[in-house]
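Coordinate inspection notes
What follows is the residue order along each chain.
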Amino acid sequence: MTALLDGIYDGEMTVGELLGHGNFGIGTFDALDREMIVLDGVCYQVRGDGSAQRATLDQRSPFTVMTNFVPHITGTPPPGLRRTELASFIDELQPSENYMYAVRITGTFSEVTVRTVTKQSRPYRPMVEATGDDTELRFRDVTGVIGGFRTPVYEKGIGVPGCHVHFLDSRRETGGHVLDFTLASGVVELCPGTDLSLGLPLTTDFSRAMLAPEDLDHQIHTTEIKQ
Ligand SMILES: [Zn+2]
């Protein structure tokens, strides 16, 4: 994640390789070319206009988090659950912040606000600048899936601490990186994780990147949360 913040937008791992690590995940593509969401073993690429298409196996990613999703814990939140309340709802379901959780919310959303990063060209700008021209879209009264991860604070820099989730509608046609949502009705499923395997690219860009910036919290908040 810190490499992405530093403008390292090209990775080495292909979608085909990533799918070998799990059937569920979120991330982005090389050159920050749109948002990724993997559901049921299918990798989707979400465009700036919010439309989704299947990614091809040879596309590459600079940042993706993957797991095999097994819904060990299930809960039905009260109607009107917002993005800001998701972490505390997860705490009610599983009161330990010390594990990684894959999160899947399936249901009807009265509102989902997403953004989609735009494809960058070299020389790459840092992500705080690159995400300045994101497109924001709002979907209303949609059914679909919000999928992603709740990452412990101690894993900051490897992932996005807190909840990082992407959306895909039930027809698999629209989605994006979720900035906010209101769940009208649905179910929240959690898959706890106790193993973390980290694959780093053997590239010159990565080897020269600044991976421990002093304002890491600010950069993550500006690029991923925005509110
Ligand atoms: Zn995202």
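Residue positions within a chain follow its written sequence, with the count starting from 1. pLDDT decides what is reported in this predicted model: residues at 70 or higher carry local features, side-chain atom pairs at 80 or more are listed and counted, and totals for whole chains, interfaces and linings draw on all residues regardless.

Worth spelling out the cut-off: UniProt positions are given in the numbering used here, feature names are shortened, and annotations may be inferred rather than shown by experiment.
As named in an unreviewed UniProt entry, the protein is Alpha-acetolactate decarboxylase, taken from Corynebacterium oculi. Under the UniProt heading Sequence similarities (unreviewed entry), the note attached to the protein is "Belongs to the alpha-acetolactate decarboxylase family." Under the Catalytic activity (unreviewed entry) heading, UniProt states for the protein: "(2S)-2-acetolactate + H(+) = (R)-acetoin + CO2".

Observations regarding the sheet that holds strand E4 (residues 42-46)
This is how the line gets drawn: The rule for pairing is simple: two strands pair if DSSP sees at least two bridges between them. By the criteria applied, helices consist of DSSP H or I runs no shorter than four residues and strands consist of E runs no shorter than two, each listed in order from the N terminus. Fitting a line to C-alpha atoms yields each axis, with helices limited to the stretch in contact; the angle taken between N-to-C directions then spans 0 to 180 degrees.
Across the sheet, five strands lie side by side as E5-E4-E3-E2-E7; this open sheet has antiparallel pairing. Strands with a single pairing partner mark the edges of an open sheet, and in this sheet they are strand E5 (52-54) and strand E7 (63-67). Between one strand axis and the next, the sheet turns by 20° as a mean value, whatever way the strands run. Sheet topology note: the strand E2 (residues 24-28)/strand E3 (residues 35-39) ladder contains four bridges and is antiparallel. Across the sheet, the residue bridging to Gly27 is Met36, located in E3.

Remarks on the pairing of E3
The line we're drawing: Burial is judged by counting the other C-beta atoms within 10 Å of a residue's own C-beta: 20 or more makes it buried, 12 or fewer makes it exposed, and any count in between marks it as partly exposed, with every C-beta position built from the backbone.
Summarising burial for E3: five of the five residues are buried, a large majority. On E3, burial covers both faces: Glu35, Ile37 and Leu39 on one face and Met36 and Val38 on the other are all buried. In this antiparallel pair of consecutive strands, E2 and E3, the connection spans six residues, and Ala31 shows a positive phi of 65°. With five bridges connecting them, E3 and E4 associate as antiparallel partners.

What to know about helix H6 (residues 216-225)
Applicable threshold: Here the arc refers to the directions that run from the helix axis out to each C-beta atom. Our contact criterion uses C-beta atoms placed from the backbone: two residues qualify when those atoms are within 7 Å.
For H6, the full list of buried residues reads Gln219, Ile220, Thr223 and Glu224. An end-on view of H6 places all buried positions within 95° of arc, on one side of the element. Those residues of H6 that are exposed and aimed more than 90 degrees away from the buried face are Asp217 and His218. At its buried positions, H6 is contacted by helix H1 (2-5), helix H4 (127-130) and strand E12 (162-169).

Some thoughts on the environment of Gly193
By the secondary structure assignment, Gly193 is in strand E13 (residues 175-193). Overall, the presence of 17 C-beta atoms within 10 Å leaves Gly193 in the partly exposed class. Taking C-alpha positions, Gly193 is 24 Å from Gly144, a pair spaced 49 residues apart along the chain. Setting aside residues up to four positions removed in sequence, Gly193 forms contacts with Thr67, Tyr99, Met100, Tyr101 and Ala102.

Some details on the nonpolar core
Put simply, the test is: What makes a nonpolar core is a set of buried Ala, Val, Leu, Ile, Met, Phe, Trp, Tyr and Cys residues, with links drawn between C-beta atoms within 7 Å.
Met36, Ile37, Val38, Val103, Ile146 and Val178 are the most contacted members of the largest nonpolar core, which has 40 residues in total. Per-element accounting of this core gives the leading share, seven residues, to strand E10 (residues 100-116). What Val103 contacts, discounting residues up to four positions off in sequence, is Ile90, Gly147, Gly148, Phe149, Arg150, Cys163, Val165, Val188 and Leu190. Of all hydrophobic cores here, the second largest spans 13 residues; its members include Met1, Ala3, Phe63 and Val117.

Details of the pairing of E12
When you tally the buried positions in E12, you get six out of eight residues, the bulk of the element. Note that strand E11 (residues 135-151) and E12 share eight bridges and pair antiparallel. Looking at the pairing, Gly148 lines up with Val165 of E12. Here three bridges tie E12 to E13, and the two strands are oriented antiparallel to one another. Paired with Leu168 across the two strands is Gly175, which belongs to E13. Hairpin remark: E12 followed by E13, antiparallel, with five residues in the connecting loop; positive phi at Arg172, about 60°.

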